[in-house]
Amino acid sequence: MTGITQRIRESLRQRDGITEEAMRLLASEYSEEVSRINKRLANVGSLLDKGLKSEAIHQASIAPDVVDDASVFDFPEAEEWFDILQLLGVPAPPAVNRERANQINAAIVENQRLTGQLKNHRKMALARAPLAWRLKVLRQLVENDPLNLSWKDDLENWERGRLKEIRKEVREASKSADVSTIVELRREIDETAWTITPDKSLSAELENASARFESIKAQSEIKLIGPQVHEAFCQFEEDKVRVLLKRWAQNAAKLDRPAPREIAEQIEAAKAWIAQLDHDEEERRSWSRAIGKLEATIDRNASLSELETAYHGCTKFDEPIPLDLLRRYQSLAEERALTKRRSFQLGMGGIIAACVLLIAAFAWWQYKEMRSQKIELAVAEFETLLKEQNFDGAEQFHADLKAREKDIADHPSIASIALQLEKKVQEEKDRKSKFKEYLEIADQAEAGDIDRSALLRAETLAKTESEKAAAFKVQRRWSLWKAKVESSQTLKQLEKLKAHRGKLDELEQGIVAEETLLGIAIVASELEAILNEFPEASESSIKQVKAAHERATHLHSSLRSRMEQMQKMDVAWQKILLSPSLDSLAENLQRFSEAFPNSPIADELNFVAEESDLWTAALSWNEFIEATSLALRADLSEESMKAFRAAQDQMNDSVGERLDGLPKEIASCVSELDEHREILKRVFDGLPAIVFNDFYTVVESDGDRERYFVFKSYFDANRKTFASDASGSSVLRGIEVVVNQSGAVATRGLSGDLHVFPEPNQSITRLLDEYRRNETEFLTDWSGQFLKLIANLQARDELDSQVKEILVSYLLSGACEGSDWLETQLAEQLQTLSERSSQTEDWFSPKKFESNLAGGLQDSLRQRLADVYGKRPQPLLEVKTLEKMKYTWVGVLGSNRYGEFEVSLLQDRLDTVNDEAGRLAVVRSSSDGRADWVVIGNLRSGEAELLEDTDDCVVGRPVFFFPSKNR
């Protein structure tokens, strides 16, 4: 092809030598090639327009590569050449379709970029990867190959399948309480960019399941938090208690029902303690503010009313007013009161005499006021001592007050506080008694026997530092013991956990089988036993064991489901392998893909099932072979040849690429049938027209025994003339003999006995009889029949050597005309006969009678004919070979656990090929819609061996056996 463009360039460089005839020839050749290229470009482009990129690239790459061809014929000087053609009046040939070529080239470049993703996509399909994994790769293909609509269609179909799968997995996870799966599924629904919006009911189902499991998880957390809160409370670790109570509150908010009472009770004391601490802290802050306000009021020498307001603000709290501040207040208050009295006295000095009664009243008021202040101060100090729980000081204060100012001590306010003091004193005695009792119960000689419940009550009752120290001492003993036990059990538990994790890892990597499931169940049971065996292990260790147990449970459930699914698929696959016919195979493939739509091979099996019409089309080859065999056995009769041609047309219309053609001998036999019939007719119809067809041979007995030719009719009419004389004398007789090549006769005197042979008339007659009797054998064994005919002719003793040579040459020429092989084998003999043709031109002249061919030709030709006959092509002997040239369905393509293709051979069908070696082939669609046979491997000793190139291997495709080339 490049030669055309090279010749065009050379002609452009030789401007003086350009002729219209030369340009017209080049334009014709160029037009033919470019039309072919544009047609291929259009076909490939059509596949690209339909989104069938892979098929398009495959078709473009079939040798010769169409893009390479297009680049060759789209050479830079093309435009200049077209202009020259126009000047010469030569019609311009079509130009290469650059747009299509560029489009195809871009697709090939882009496909190279997608190769890695396509390989991953292919590997995942073959390895039966989960649909969720395959969707990630498919989304990348959609993103990187947006013009390929098939990816988008696949994505939508797969997403529908994945959403169905998710709904099923949600229900299974809900039944098995698989929290991690629910979380992963919810993340997949929420974070994935779906092309199909997930059903709201699915999201709601996931949300409900998630909330339910959140509640279960929260309940588990609360069960763990309760003891931790209690333990931290016993150690008076305020910060840790606050953190744990915050976690408790967060988890409690997720519960769908109140926390169990026995767990809630574990944190009540701690909650009350923290609440009391918060309340006390707030009280301290408020008291500090009130004290600060009183101090500031005193510092700025405020009025008596402001002092009293600030003072009353401090008396609301249990905390007492500092004594120095209280004294400052009392001093300033008395000073303000005295200043007020003096001011009042000076103001009223001028009217004392007139207001004696008023003065007395004032004096009484003053007395009452002073008494009231004393009571108020006593109440404040008494309450302060009581709030400080300084009961001894409070009792002493009350006794001193009674001795010093009994009237104030008997005031109802003081008496009320005294009653409270008495009650508080008794309560304190009871508390101390209970504390001592609970502490004694809790404290045991063995730290492991310490009563935690009694200790908790004692810690709650402890108020004094000595009491807290005593409770802390017991708590410390128990904590040290627990830490030691926890450390020991934790180490032992983690050691066993490590071993079980290793077992679980091995089982997870193992094959899916009952033994694996049993092993996982045993590991799960042993993990549960480990939890019970080491109850005092650390929280972290227990969590790890529970996580491993949850993993084992989930793995067991997952493998069980997968195993059940695989068992069902194995049954369906076995049904595929037991299909009695190809139609049944297609139905079983379709049923499998419908029954297991989420299976990694479902799409491939559905695709293969839709190819079933191609199988029928491809097997039209077998019908063609059968028709060929029948035609040969029927000696190529007209009826059998009609059936042969119909089968051949059907096969050519249905089958594109084939693994082999008819054996050469048979192909030549049937293809040259009409030509052979025409040659036979011409050769044997020509025999009667040969001039010496009606001649007899007459040989003189006297002299040189010369021979003459006479017409058969002349002999029949003049038989007496040829009869011998009874006297035995030599008589001269006048006989009309042939005297030239045209058969003219003249009378010649012949003497002696005349021997008459019915030759060559009888030989020609026999040749014609042989032809009529064995015409069909000539068609099926062309070379053999002619060689036998010539050998028989050569052996006729009464036939003149020159006439014999002419007839042998005539027959041999006709035989070689119908067989190139025979012409090659007898080339030397043909040449010899041709060179001797001049020596037989005077065949009519009288000569001494000789039957053997002259010049040693008789023996050499006979030997050569025998040799050629032994090694001649024999189409009928190839019939058995021909009948073996049929495609036999022997298996189905599958894949092993590693994603590698393998052939599942069907033993009952394999028996039909009798352990022959041969090729294994599958059927695929060609670019023109016909069926192509493609070799994928070999069959040797009943074992299938696949080729490294697996592009045409698709799981589910039927595999056919075809004998190896041995002809």
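Now for a quick tour of the structure. Model, not experiment: these values are computed from the prediction. Sequence positions are assigned chain by chain, starting from 1 and proceeding in written order. In keeping with the predicted nature of the model, local features appear solely for residues at pLDDT of at least 70, side-chain atom pairs appear and are counted solely at 80 or more, and the whole-chain, interface and lining totals rest on all residues. Calculated side-chain values reflect all of the structure's heavy atoms, with hydrogen atoms and water omitted.

### Describing the packing of helix 29 (residues 673-686) against helix 35 (residues 801-817)
Then, in step 1: Contact geometry of helix 29 with helix 35 gives a least axis separation of 10 Å together with a crossing angle of 170 degrees. In terms of orientation, helix 29 lies roughly antiparallel with respect to helix 35. Along the contact surface, helix 29 presents Glu675, Ile679, Arg682, Val683 and Gly686, while helix 35 presents Tyr810, Leu811, Gly814 and Glu817.
Then, in step 2: A class-by-class count of the residues in the contact of helix 29 with helix 35 yields four nonpolar, two polar and three charged. Fitted lines through C-alpha atoms give the axes, limited to the stretch in contact for helices. The angle between two N-to-C directions lies from 0 to 180 degrees. Secondary structure elements follow DSSP: runs of H or I of four or more residues count as helices, runs of E of two or more count as strands, with numbering from the N terminus. Roughly parallel means an angle under 35 degrees; roughly antiparallel means over 145; roughly perpendicular covers 65 to 115; every other angle is labelled oblique. The contact rule is simple, with two residues in contact once any of their heavy atoms fall within 4.5 Å. Each residue receives one of three labels: charged for Asp, Glu, Lys and Arg, nonpolar for Ala, Val, Leu, Ile, Met, Phe, Trp, Tyr, Cys and Pro, and polar for the others, Gly being one of them.

### Observations regarding the packing of aromatic side chains
Then, in step 1: When the centres of two rings from Phe, Tyr and Trp lie within 6.5 Å, Trp using its six-membered ring, the rings pair. Their planes under 30 degrees apart give stacked, over 60 give edge-to-face, and anything left gives tilted. Enumeration over the complete set of coordinates arrives at 24 aromatic pairs.
Then, in step 2: When the centroid spacing of 5.5 Å and the interplanar angle of 55 degrees are considered together, the rings of Tyr30 and Phe73 count as tilted. In this pair, Tyr30 sits in helix 2 (residues 20-49) while Phe73 sits in helix 4 (residues 66-73), placing the two residues 43 residues apart along the sequence. Side by side, Tyr30 and Phe73 carry an identical accessibility label, which is buried.
Then, in step 3: Here the aromatic rings of Phe684 and Phe778 are separated by 5.7 Å at their centres, their planes lie at 65 degrees, and the arrangement is edge-to-face. Taken together, the positions of Phe684 in helix 29 and Phe778 in helix 33 (residues 775-780) put the pair 94 residues apart, joining distant regions of the chain. Pair check on accessibility: Phe684 and Phe778 agree, each one buried.
Then, in step 4: Pairwise contacts between aromatic rings join Trp621, Phe624, Phe644, Tyr887, Trp933, Phe960 and Phe962 into one cluster.
Then, in step 5: Positioned above the aromatic ring of Tyr869, the side-chain terminus of Arg872 is 4.0 Å from the ring centre. A 1.4 Å probe rolled over the protein chains alone gives each residue an accessible area, and that area as a share of the maximum for its type sets the label: buried under 20%, exposed over 50%, partly exposed in between. Our definition puts a charge over a ring when NZ of Lys or CZ of Arg is within 6 Å of the ring centre and also within 35 degrees of the ring normal.

### So, the pattern of salt bridges
When charged atoms on two side chains of opposite charge get close, those side chains can pair.
Then, in step 1: When a carboxyl oxygen of Asp or Glu lies within 4 Å of a side-chain nitrogen of Lys or Arg, that pair is called a salt bridge. Following the criterion strictly, the structure yields 34 salt bridges and no others.
Then, in step 2: In this structure, the salt-bridge partner of Glu29 is Arg7, at a minimum N-O distance of 3.0 Å. Here Glu29, found in helix 2, pairs with Arg7, found in helix 1 (residues 2-13); they are 22 residues apart in sequence, far enough to count as distant.
Then, in step 3: Put simply, Lys496 and Glu533 hold a salt bridge, and the shortest N to O gap is 3.0 Å. Taken together, the residues Lys496 in helix 20 (residues 465-509) and Glu533 in helix 21 (residues 514-533) connect sequence positions 37 residues apart.
Then, in step 4: Taking the relative accessible area as the measure of exposure, Lys496 reaches 33% and is therefore partly exposed.
Then, in step 5: Each member of the salt-bridge network shares a partner with another, and the members are Glu657, Arg924, Asp932 and Asp952.

### Here we look at the nonpolar core
Then, in step 1: Nonpolar cores are built from buried Ala, Val, Leu, Ile, Met, Phe, Trp, Tyr and Cys residues. Side-chain atoms within 4.5 Å join them into one set. By size, the foremost hydrophobic cluster in this structure holds 106 residues, and its most contacted members are Leu636, Phe684, Leu807 and Trp933.
Then, in step 2: No other element matches helix 35, which puts seven residues into this core.
Then, in step 3: Counting 32 residues, the second largest nonpolar core, distinct from the first, contains Val34, Ala70, Val90 and Ile104.

### Observations regarding the sheet that holds strand 5 (residues 754-757)
Within a sheet, each strand pairs with its neighbour through backbone hydrogen bonds, oriented either parallel or antiparallel.
Then, in step 1: Here a strand pair is declared whenever DSSP counts at least two bridges between the two strands. The strand order 5-1-2-6 describes an open sheet built from four strands, whose pairing is antiparallel. This sheet does not close on itself; its edge strands, each paired only once, are strand 5 and strand 6 (847-848).
Then, in step 2: Here strand 1 (residues 695-700) pairs with strand 5 via four bridges, running antiparallel. Bridge pairing in strand 5 places Val699 opposite His755.

### Examining the pairing of strand 11 (residues 943-946)
Then, in step 1: Alignment of strand 10 (residues 931-940) against strand 11, held across four bridges, turns out to be antiparallel. Bridge pairing in strand 11 places Asn938 opposite Glu945.
Then, in step 2: Turn length for the strand 10-strand 11 hairpin, with the two strands adjacent in sequence and antiparallel, is two residues, and the turn residue Ser941 shows positive phi of about 55 degrees.

### Concerning unusual backbone geometry
The bulk of non-glycine residues show a negative phi, and the bulk of peptide bonds are trans.
Then, in step 1: Between Glu759 and the following residue, Pro760, the backbone shows a cis peptide bond with an omega angle of 5 degrees.
Then, in step 2: By secondary structure assignment, the location of Pro760 is in the loop between strand 5 and helix 32 (761-773).

### A look at the pairing of strand 3 (residues 733-738)
Then, in step 1: Here six bridges tie strand 3 to strand 4 (residues 745-750), and the two strands are oriented antiparallel to one another. Paired with Arg733 across the bridge in strand 4 is Leu750.
Then, in step 2: Counted between consecutive antiparallel strands, the loop separating strand 3 from strand 4 contains six residues, among which Gly743 sits at a positive phi close to 95 degrees.

### Remarks on the packing of helix 2 against helix 5 (residues 78-88)
Then, in step 1: Contact geometry for helix 2 and helix 5: axes closest at 11 Å, N-to-C directions at 125 degrees. With respect to each other, helix 2 and helix 5 are oriented oblique. By crossing handedness, the relation of helix 2 to helix 5 is classed as left-handed. Along the contact surface, helix 2 presents Glu20, Met23, Leu26, Ala27 and Tyr30, while helix 5 presents Trp81, Phe82, Leu85 and Leu88.
Then, in step 2: In the contact of helix 2 with helix 5, the residues fall into eight nonpolar, no polar and one charged. A crossing counts as left-handed when the near helix is turned anticlockwise from the far one by less than a right angle, and as right-handed when that turn is clockwise.

### Looking at helix 26 (residues 620-633)
Then, in step 1: In a helix, the anticipated span is given by 1.5 Å times the number of residues less one. The end-to-end C-alpha distance of helix 26, which contains 14 residues, comes to 20 Å, matching closely the 20 Å that a straight helix rising 1.5 Å per residue would cover.
Then, in step 2: Lining the buried residues of helix 26 we find helix 25 (612-618), helix 27 (638-654), helix 28 (664-671), helix 33, helix 39 (879-884) and strand 12 (958-963).
Then, in step 3: Looking one or two residues beyond helix 26, the residue adopting positive phi is Asp635, at roughly 55 degrees.

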